[in-house]
Amino acid sequence: MTRQSTLHFHRMKDMPSSHLLGTGTPMCAGCGGLETLHTLYDILGDKTVFVNAAGCMTLLSVYPFTPFRGGWLYTAMASAPAGAQGVRDAVDILLQKHKLQADEDVEVVVITGDGAAYGMGLSATSAAMDRKLDFIYLCYDNEGYGNTGQQYSAATPHAAITSTSKGSRGYPGYKKDLFSIWAAHNPAYVATVIAAEPLDLAKKIEKLQSLSGPRMLISLAPCPTGWDYDPQLSVEIGRLAVQTGVWPLKEFIDGELRHTRVPKQRKPVDEYLKLQGRFRHLFEPRYDSGAIAEIQARIDEYWARVVS
Amino acid sequence: MFRIRFHGRGGQGMKTASRILGSAFFLAGYEVQDAPRYGAERRGAPIFAYVRADHCAINERGIIRHPDLVVVADDTLVGMPAAGVTEGVNENTLLLINSHESARTWARRLNTRARILILTAMDEVEDRAELPYIGSRCAAAAAVLCGVISRDLLLAALNEELAHLPDEVVKKNRDTAVDVFENMAGEVGLVSQGGQQTANDYVRPAWITLPFESAEISNLAVHAGATSVLVRTGLWRTMRPVIDYDKCNGCWWICSTYCPDGTIDVGADGFPQIDYQHCKGCLVCVAQCPPHAIASISEQLAREQENEVAS
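To start, this report covers the structure provided alongside it. (Residues numbered from 1 in each chain as written. Chains lettered and ligands numbered in written order. Predicted model: local features only at pLDDT ≥ 70, side-chain atom pairs only at ≥ 80, totals over all residues.)

### Structural notes on the interface of chain A and chain B
Quite often, the size of an interface is put as the accessible area lost when its parts meet.
Thought 1: Facing the 36 residues of chain A at the interface are 39 residues of chain B.
Thought 2: Secondary structure elements with two or more residues in the side of chain A that touches chain B: helix 1 (32-44), helix 7 (224-227) and helix 8 (234-243) of chain A.
Thought 3: Counted by class, the side of chain A that touches chain B contains 17 nonpolar, 14 polar and five charged residues. (Contact = placed C-beta atoms within 7 Å. Helix = DSSP H or I, 4+ residues; strand = E, 2+ residues; numbered from the N terminus. Nonpolar A, V, L, I, M, F, W, Y, C, P; charged D, E, K, R; others polar.)

Structure below.
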């Protein structure tokens with residue numbers, strides 16, 4: 001049974017207290033992506049078909065085990081939205097022929113990592129948005145190719161050490177602004193979320209349920225393995241990403257951009273960076289004030305535009 | 001050919017151990033393969049890595065079925081079917097276990113004719129995922145037992161493989177390795193090499209061996225939903241979160257919402273319960289509980305206490 005019509009998320013007490021997603025998955029302890037997924041699944045309900053591009057979460061459903069209560073389809077890295085189109089079309093045809101009843105309709109949900117979303121799957125995603133495909137897309141963004149040992153991706157932030165940017169300055173590039181790229185397609189809904197802010201996450205999921213067409217979510221997914229920190233800090237680091245302004249929570253709907261959380265007093269970015277091994281070279285053996293000031297300046301510049 | 005398998009938990013550095021040993025063999029003039037088993041390299045989860053070394057080209061591929069030496073970094077893995085520690089172990093295998101218990105105890109417990117050695121016991125640490133320098137200890141011990149790698153070659157390999165770490169960490173790893181070479185001087189070359197196997201000798205197995213699990217798991221309904229609950233990821237845990245119900249104020253179930261794995265449900269009484277069969281021990285709940293009602297204790301200790309109560 002879908003619970004979409006009965007839930008209204010106003011306060012933390014409205015969050016689900018038992019969970020739909022099966023336990024026993026092979027995701028790492030403290031996985032920030034899994035945290036988002038289990039909330040999404042709790043709210044969407046079991047009438048969902050997940051279409052999963054290659055990535056960490058491909059390991060969710062390893063035969064014969066699955067944490068899902070409904071369908072799951074595995075696609076190549078670049079083609080999850082194409083897979084979603086296939087599932088959507090098939091369900092629509094079955095509905096049309098009355099081989100499925102209206103109450104048996106399913107929500108098609110793409111889940112991919114940032115490697116697929118920001119990089120090789122971008123063109124298939126763009127085309128799906130052009131076609132106004134009725135689906136939900138969740139990108140769990142752990143800022144690198146986590147499943148294969150955290151090589152850098154187009155989502156990797158400036159200066160982060162990854163297994164392919166090990167130099168003393170880390171990754172020389174800058175994180176791609178996927179939110180704006182997706183928003184430029186003018187889909188039904190685009191939002192950034194994070195599991196460390198569950199109420200904001202739940203409200204956005206509830207909102208996208210009331211819409212049809214392409215509904216796109218990017219969840220920053222703190223990753224103990226790839227970012228090199230103690231797993232118990234996952235929520236703390238996620239919350240700091242929001243409080244320092246590194247990860248703006250926002251949504252784009254009907255051509256309008258809205259920030260759902262504007263930190264009144266942004267914490268210095270140091271507080272977010274210093275908890276993570278991938279940024280340790282900015283603090284040891286000595287404090288790299290130049291690099292940190294540059295990161296801070298980019299954040300300040302972003303928020304100066306938001307507030308004005 | 002030397003066939004060596006390292007067993008440990010994600011985070012204990014068995015992949016690094018296999019690389020150090022592999023590089024050392026290479027420096028000693030051997031052809032080498034070293035690789036971790038890919039797929040579940042999760043912190044606390046059982047993982048293994050392996051090394052093959054020979055003076056001629058190695059044509060074997062894949063997982064080592066019949067190891068000459070098995071190195072076990074964490075003795076809690078031995079009894080875990082999914083870890084596969086004893087797979088393919090026979091009377092020609094040498095089993096090196098990091099344990100506080102004696103070789104005799106282990107021989108009796110495992111009912112095996114394999115030779116068993118105990119890796120000089122280390123001080124117990126609270127969190128088993130963080131046994132200090134265990135990777136270097138295991139690599140050095142394996143080198144000693146194989147008997148064809150000098151201390152200096154092992155240290156050269158160690159330097160090469162740990163080059164990305166700070167100097168003082170590398171130094172501690174070196175000291176650990178030197179210590180092992182000194183302590184195990186009487187055990188040089190105990191490993192006997194297995195013979196060459198060629199594809200011609202391959203005998204197709206009559207059946208596929210799966211680790212012994214209960215019928216519920218080996219024979220599950222594949223079309224059913226949420227079958228992943230049959231996988232006991234609680235075995236990954238090295239630290240255990242424990243709720244103090246005197247302090248728990250039945251808040252708006254923050255622990256249940258933040259638990260990435262959904263292993264905390266709230267009962268009808270409004271209080272949360274942790275599912276220890278599946279909790280991986282990330283301790284996010286400990287860090288987030290507003291009244292600090294959840295504490296973490298060593299899993300090792302918790303199990304020992306449970307055993308005492310049971311007996």
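### Here we look at the sheet that holds strand 1 (residues 2-9) of chain B
Residues and elements named next belong to chain B.
Thought 1: The strand order 2-3-1-4-5-6 describes an open sheet built from six strands, whose pairing is mixed. Only two strands of the sheet have a single partner each, and these edge strands are strand 2 (31-36) and strand 6 (115-119). When the angles between neighbouring strand axes are averaged without regard to direction, this sheet yields 15°.
Thought 2: Examined bridge by bridge, strand 5 (residues 94-98) and strand 6 share five bridges and lie parallel to one another. Looking at the pairing, Asn98 lines up with Leu119 of strand 6.
Thought 3: The strands touched by helix 1 (residues 14-27) are strand 1, strand 2 and strand 3 (46-54); relative to strand 3, the strand with the most contacts, the crossing angle is about 5°.
Thought 4: Helix 2 (residues 103-110) rests against strand 5 and strand 6 of the sheet, and its axis sits at about 135° to strand 6. (Pairing = 2+ DSSP bridges. Axes fitted to C-alpha atoms, helices over the stretch in contact; angles between N-to-C directions.)

### Concerning the environment of A:Lys176
Thought 1: Residue placement: A:Lys176 occurs in the loop between strand 4 (135-141) and helix 5 (178-183).
Thought 2: With residues near it in sequence (within four places) discarded, A:Lys176 still touches A:Tyr118, A:Ala154 and A:Ala155.

### Some words on the sheet that holds strand 5 (residues 189-194) of chain A
All names here are of chain A.
Thought 1: Strand order in the open sheet formed by eight strands is 2-1-3-4-6-5-7-8, and the pairing between neighbours is mixed. The open sheet has two free edges, formed respectively by strand 2 (72-75) and strand 8 (256-261), since each of these has just one partner strand. Strand-to-strand twist across the sheet, computed as the mean angle between neighbouring axes with direction ignored, equals 20°.
Thought 2: Across five bridges, strand 1 (residues 48-53) lies against strand 3 (residues 107-113) in parallel orientation. Looking across to strand 3, one finds that Thr48 is bridged to Glu107.

### A word on the pairing of strand 4 (residues 69-72) of chain B
Consecutive side chains of a regular strand alternate in pointing toward one face of the sheet and then the other.
Residues and elements named next belong to chain B.
Thought 1: Side-chain alternation along strand 4 places Leu69 and Val71 on one buried face and Val70 and Val72 on a second face that is also buried.
Thought 2: Both strand 1 and strand 4 contribute to a ladder of four bridges, which runs parallel. When the bridges of strand 4 are listed, Arg5 appears paired with Val70.
Thought 3: Direction of pairing for strand 4 relative to strand 5: parallel, over a ladder of four bridges. Across the sheet, Val71 pairs through a bridge with Leu96, a residue of strand 5. (Buried ≥ 20, exposed ≤ 12 C-beta atoms within 10 Å, placed from the backbone.)

### A closer look at the nonpolar core
Thought 1: Judged by nonpolar contacts, the single largest core of 160 residues is most densely connected at A:Leu138, B:Val71, B:Leu96 and B:Ala142.
Thought 2: Taken together, domain 1 (2-201) and domain 2 (222-310) of chain B each give at least three residues to this core, which thus spans both. (Core = buried A, V, L, I, M, F, W, Y, C linked by C-beta atoms within 7 Å. Domains from an automatic or database assignment.)

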